[in-house]
Amino acid sequence: MAEQSDKLFAFDSLSDYSLKQRVLIRLADLAFYWITKATGGSSRFEVVDRENWDAVTAAGKTPIYVVWHDSIILSACFFQHRGVVIMASKSFDGEYIARFVKRMGFGVIRGSSSRGGARGLIEMIRAIKDGHPMAFTIDGPRGPRHEVKPGPIMLARKTGNPILPLVVQPRKHWTLGSWDKMHIPRPFSRAVLIFGTPIYVSGTARDAVTEAKQIELQKAMDDLTKRREKWKLEMMPD
């Protein structure tokens, strides 16, 4: 078990890549790391409804965090070095993303909905049973923006651990022109992190129930998104 956990947090070999690819992977890894630390690393977080987070631990469960893709930077800064595990695709882009997040203290399982998905789910089940929280960018990796995907529902059903929806919002940020309109927080900006109510999925749930849980999760994320937008408006100067 310990060996499996150590592997999740260790850098993978780049021997299958060309010299040029290895250089690009390392450069991209370091660039993402330092951009994240320079922007979100100086943010001051206000945590709202922390009791929802605490309730998961009090119940003896391990959280399955879900967050929008636009909040990757601040989420990574808040949850760094907490033993959280994510999934990254088995691709060139996935390689430097995996190295970047491992540098911030996250574990990584390689897979995706199209490549290695079933094996990835099995490894996630093993990781969460070893006590590692899981995290999903719930509308990733390619969108549509703010549309919940079913992956966390499947993991919650298989493990009995709850989905913990959350949103993050910087008071001041730049917005990329990408599909997710990613937030790049301005240095030293205030930020809010709001936890939603944990969502449990029965291990005997059938398709109709899991579909209903996905709708429930979508509503929870939509409601949290409205709350983060309200917080930002309240923080704006008159």
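The following refers to the structure shown. What you are looking at is a predicted structure, and each value in this text was computed from that prediction instead of being measured.

Side chains of nonpolar character tend, in soluble globular proteins, to be buried together. In terms of nonpolar packing, the biggest core is built from 29 residues, with Met134, Leu155, Leu217 and Met221 touching the most fellow members. Within the residue set of this core, elements represented by two or more residues are β2 (64-67), α6 (117-129), β5 (134-137), α7 (151-159), β6 (163-170), β9 (190-195) and α8 (207-235). Residue contributions to this core peak at five residues, all from α6. Look past the residues within four positions of methionine 221 in its chain and what remains in contact with it is Val66, Val67, Trp68, Ile138, Val148, Pro165, Leu166 and Val167. Within the second largest apolar cluster, 25 residues are counted, among which are Tyr65, Phe78, Phe79 and Val101.

Following the sequence through the fold, threonine 210 ends up in helix α8. Distance in space between the C-alpha atoms of threonine 210 and methionine 154 is 7.9 Å, their sequence separation being 56 residues. Non-local contacts of threonine 210, meaning those with residues more than four positions away in its chain, are made with Ile153, Arg157 and Ala205. Polar side-chain contacts of threonine 210 include one of 2.8 Å to the backbone oxygen of aspartate 207.

With that settled, the discussion passes to the packing of aromatic side chains. Within the structure shown, the criterion is met by eleven aromatic pairs. Here tryptophan 53 and phenylalanine 79 contribute two aromatic rings whose centre-to-centre distance is 6.0 Å and whose plane-to-plane angle is 75°, an arrangement assigned as edge-to-face. Taken together, the residues tryptophan 53 in helix α3 (residues 50-58) and phenylalanine 79 in helix α4 (residues 72-79) connect sequence positions 26 residues apart. For the pair tryptophan 53 and phenylalanine 79, one class covers both residues: buried. Joined through ring pairs, the aromatic side chains of Phe45, Trp53, Tyr65, Phe78, Phe79 and Phe195 make up one cluster. Its end group placed over the ring of phenylalanine 78, arginine 82 keeps NZ or CZ at 4.9 Å from the ring centre. One Lys or Arg, arginine 99, reaches over the ring of phenylalanine 11 and ends 4.3 Å from the middle of that ring.

Geometrically, the link from glycine 140 to proline 141 is a cis peptide bond, its omega value of 0° lying close to zero. A cis geometry characterises the amide bond from glycine 143 onward to proline 144, with omega recorded as 5°. Even without a glycine there, the phi angle at histidine 81 is positive, about 60°. Within the element layout of this structure, histidine 81 appears in the loop between α4 and β3 (85-88). Since its relative accessible area comes to 56%, histidine 81 is described here as exposed.

A few words now on the pairing of β2. Burial along β2 is two-sided: the residues Ile64 and Val66 and Tyr65 and Val67 are all buried. Two elements, β2 and β5, share four bridges in a ladder whose sense is parallel. In the strand pairing of β5, isoleucine 64 is matched with methionine 134. Two elements, β2 and β6, share three bridges in a ladder whose sense is parallel. The partner of tyrosine 65 across the bridge, within β6, is leucine 164.

Criteria and thresholds
- Residues numbered from 1 in each chain as written.
- Predicted model: local features only at pLDDT ≥ 70, side-chain atom pairs only at ≥ 80, totals over all residues.
- Heavy atoms only, no water.
- Core = buried A, V, L, I, M, F, W, Y, C linked by side-chain atoms within 4.5 Å.
- Buried < 20%, exposed > 50% of the residue type's maximum accessible area, 1.4 Å probe, protein only.
- Helix = DSSP H or I, 4+ residues; strand = E, 2+ residues; numbered from the N terminus.
- Contact = heavy atoms within 4.5 Å.
- Polar contact = N/O pair within 3.5 Å; in protein donor to acceptor, adjacent residues only side chain to side chain.
- Phe/Tyr/Trp six-rings, centres within 6.5 Å; stacked < 30°, edge-to-face > 60°.
- Lys NZ or Arg CZ within 6 Å of the ring centre and 35° of its normal.
- Pairing = 2+ DSSP bridges.

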